[in-house]
Amino acid sequence: MSKTLVSIALWALGGWLLGAWLGAATGWAFFALGLLLMILVSGLQLSRIARWVRAIDEPPPPSVGPWDEILAPIYRKLKQNRLDLQDRTRSFHRALLAAEALPDGALTLDPHKALQWCNQTAASHLGLDLERDRGHSILNIVRAPEFARYAGQETWDRPLILHLGHGGAARTLSLHLAPYGVGQFLMVTRDITQIERLENTRKDFVANVSHELRTPLTVLSGFVETLQDLPGDALTGEQRRHYLDLMAQQTRNMQALVSDLLTLSSLESTPNQEGGPVPVAALVRTALAQAQALSGGRHTFDARLDETLRIRGQDTELASAIGNLLTNAVRYTPPGGSITVLWEPAPDGGAACRVRDTGIGIDPADIPRLTERFFRADRGRSRATGGTGLGLAIAKHVVMRHDATLDIRSTPGEGSVFSILFPAARVCPPAGPAAPARDAAGRHRSSSCMVQCGYCFPYCRLAARAR
Ligand code: ADP
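Everything quoted here is computed from the prediction, not taken from an experiment. (Residues numbered from 1 in each chain as written. Predicted model: local features only at pLDDT ≥ 70, side-chain atom pairs only at ≥ 80, totals over all residues. Heavy atoms only, no water.)

Draft legend 1. Looking closely at the overall build of the protein chain. In terms of regular secondary structure, the protein chain is built from 14 helices and 13 strands. Taking 23 Å as the expected radius of gyration for a compact globule of 467 residues, we find that the protein chain reaches 44 Å, considerably beyond that expectation. In terms of overall dimensions, the protein chain has a C-alpha envelope of 160 × 70 × 40 Å along the principal axes. Put simply, the protein chain has 467 residues, and 34% of those count as buried. The long-range fraction of contacts in the protein chain, counting pairs at least 24 apart against all pairs at least 6 apart in sequence, stands at 54%. A total of about 27400 Å² of accessible surface is found on the protein chain, and carbon and sulfur atoms cover 59% of it. A gap of 7 Å separates the mean positions of the 50 positive and 44 negative side-chain charges of the protein chain. (Helix = DSSP H or I, 4+ residues; strand = E, 2+ residues; numbered from the N terminus. Rg over C-alpha atoms; globule rule 2.2 N^0.38 Å. Buried < 20%, exposed > 50% of the residue type's maximum accessible area, 1.4 Å probe, protein only. Contact = heavy atoms within 4.5 Å. Areas by Shrake-Rupley, 256 points an atom, 1.4 Å probe, with all protein chains shown as cover. Lys, Arg positive; Asp, Glu negative; His and termini not counted. Charge placed at Lys NZ, Arg CZ, Asp CG, Glu CD.)

What follows is the structure, encoded as structure tokens:
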């Protein structure tokens, strides 16, 4: 402003001096010319300012006369606002990314419970498409009467457990609403299908174990009461022995059950380690001797074992799995039947342990369920032979811990073949002398590891080079 006044004053002074010298008309003309020039310059400056306003992110035009003083602070303020906005946008994106990274689903609803925003997890839980569903009431999206009732509540102390879908697509979600801000709502969604399944499995397991223990306990307590109530001479020696035999049988059943439960629990609680080379043929021979003892000469046995074939694994676990298959073969094969066990290389470079019997066989419909805990295809025979219903569950567990598969083939009335198929990666190349001992770090201590047993081979080669 002051610049403009000074310019007008200078033009006026010039006009006055010129008027005094050349006459008043010339002085006024000079002054008018000056004002006209000032208006023209000002117009030019305004048009440059107008151009800048259209591209306001650019710095303002330089030298726009008196406008310089006005434009500079405006531009500084604009620049500051732009930086603030960038900062806030970055914070907003960080918050969005954090919300996306949440393991749970999250969605926000407006006061009318219409969808405003949701993360990917919530979208997949509830089948939402933000583009399509934004602004739509969540009650029209999640169409379940129990959800409508839940959303209609005033407060939400607990989450709602919602079962969605059927069959293989069935899912259980936990939905929790919470108010926030002014009349807005946050909903957290969590997929608890797996947790619920595990909880049901745990409940079934406890119920099964209780049921399995109740039968022998009832029999035992019945006999104990009978023996307590009867006068000493009421039973003959033979009857007393018979009762005691039956009690001993029930006790053995309970012991077998507890022992199998402990085996399962230890399999579940110990970490899966690869283990050292296992001479499976030796394990099979031991299990075979036990099976023959169980058979008591009622079956014929045949074994074809590759003595050089070894795999990396845990010998106690493998012994338990193979032992279970062999005792099952004895228990489910009527007297006179034959049982064959094979330990041989497989065509794919792996190894197979097969237990074949000519027993009662299994209904094809039951085969997929055989490895479930407490599943028994032939309940009567299982109980009569002291079965716990856990043998194949244990075998399956061991097999999985060795990256192997349990293949079951059976024809009712003709017999069954249970095969443990180990992958090639588990097979040790033919071994030389005894497998070397290993140190605490899992490396072989002995220089005899140069035998290239497959397990120690890479380390031995390195050690050999270092020597
Ligand atoms: P169990 O202790 O009852 O034998 P398992 O888990 O070992 O429990 O076996 C589950 C069921 O599989 C058995 O109850 C039996 O019905 C069936 N089964 C297992 N092995 C054989 C076999 N070799 N022949 C026929 N049926 C078998």
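Draft legend 2. Fine view of the environment of Gly387. By the secondary structure assignment, Gly387 is in the loop between α12 (379-384) and α13 (391-401). Judged by its relative accessible area of 15%, Gly387 is buried. On a C-alpha basis, the gap between Gly387 and Thr327 in space is 9.8 Å, while along the polypeptide they are 60 residues apart. Leave out the neighbours within four places in its chain, and Gly387 touches Arg331, Arg376 and Ser382.

Draft legend 3. Local environment of the sheet that holds strand β13 (residues 427-428). Spatially, β6-β8-β13 is the arrangement adopted by the three strands of the open sheet, whose pairing is antiparallel. The open sheet is flanked by β6 (276-278) and β13, the only strands paired with a single partner. Note: β6 against strand β8 (residues 310-313), three bridges, orientation antiparallel. Among the inter-strand pairings, Pro277 is bridged to a residue of β8, identified as Arg312. (Pairing = 2+ DSSP bridges.)

Draft legend 4. Focus on helix α9 (residues 237-269). Spanning 33 residues, α9 covers 47 Å between terminal C-alpha atoms, matching the ideal 48 Å at 1.5 Å per step. Taken together, the buried residues of α9 touch α8 (193-229), α11 (315-331) and α13. (Expected span 1.5 Å × (residues − 1).)

Draft legend 5. Representation of the site of the ligand within the structure. Taken together, the neighbourhood of the ligand is formed by 21 residues, with Asn328, Tyr332, Ser382, Gly389 and Leu392 sitting nearest. Relative to its free-state accessible area of 530 Å², the ligand is covered by the protein chains to the extent of 98%. Of all elements in the fold, only α11, α13 and β12 (415-422) reach the threshold of two or more residues within the shell around the ligand. Considering only residue class, the shell around the ligand consists of nine nonpolar, eight polar and four charged. (Near = heavy atom within 4 Å. Nonpolar A, V, L, I, M, F, W, Y, C, P; charged D, E, K, R; others polar.)

Draft legend 6. Looking closely at the side chain of Thr189. Looking at where Thr189 falls in the secondary structure, it is placed in strand β5 (residues 184-191). A relative accessible area of 0% means that Thr189 is categorised as buried. A distance of 2.8 Å separates the side chain of Thr189 from the side chain of His125, its partner in a polar contact. Apart from residues lying up to four places away in sequence, Thr189 is in contact with Asp104, Gly105, Ala122, His125, Leu126, Ser174 and Leu175. (Polar contact = N/O pair within 3.5 Å; in protein donor to acceptor, adjacent residues only side chain to side chain.)

Draft legend 7. Representation of unusual backbone geometry. Of note, the phi angle at Lys113 is positive, near 60 degrees, even though the residue is not glycine. On the secondary structure map, Lys113 appears in the loop between β1 (105-109) and β2 (115-118). Of note in the backbone geometry, Asp403 takes a positive phi value of approximately 55 degrees without being a glycine.

Draft legend 8. Geometry of the sheet that holds strand β4 (residues 171-180). Strand order across the open sheet formed by five strands is β2-β1-β5-β4-β3, with antiparallel pairing between neighbours. At either end of the open sheet lies a strand with only one pairing partner, and these are β2 and β3 (160-164). Averaged over all neighbouring strand pairs, the angle between strand axes comes to 25 degrees, with direction disregarded. Here β3 runs beside β4; their pairing, made up of five bridges, is antiparallel. In the sheet register, Leu164 faces β4, and the bridge partner there is Arg171. Sitting on the sheet, α8 touches β3, β4 and β5, and the angle it makes with β4 is about 125 degrees. (Axes fitted to C-alpha atoms, helices over the stretch in contact; angles between N-to-C directions.)

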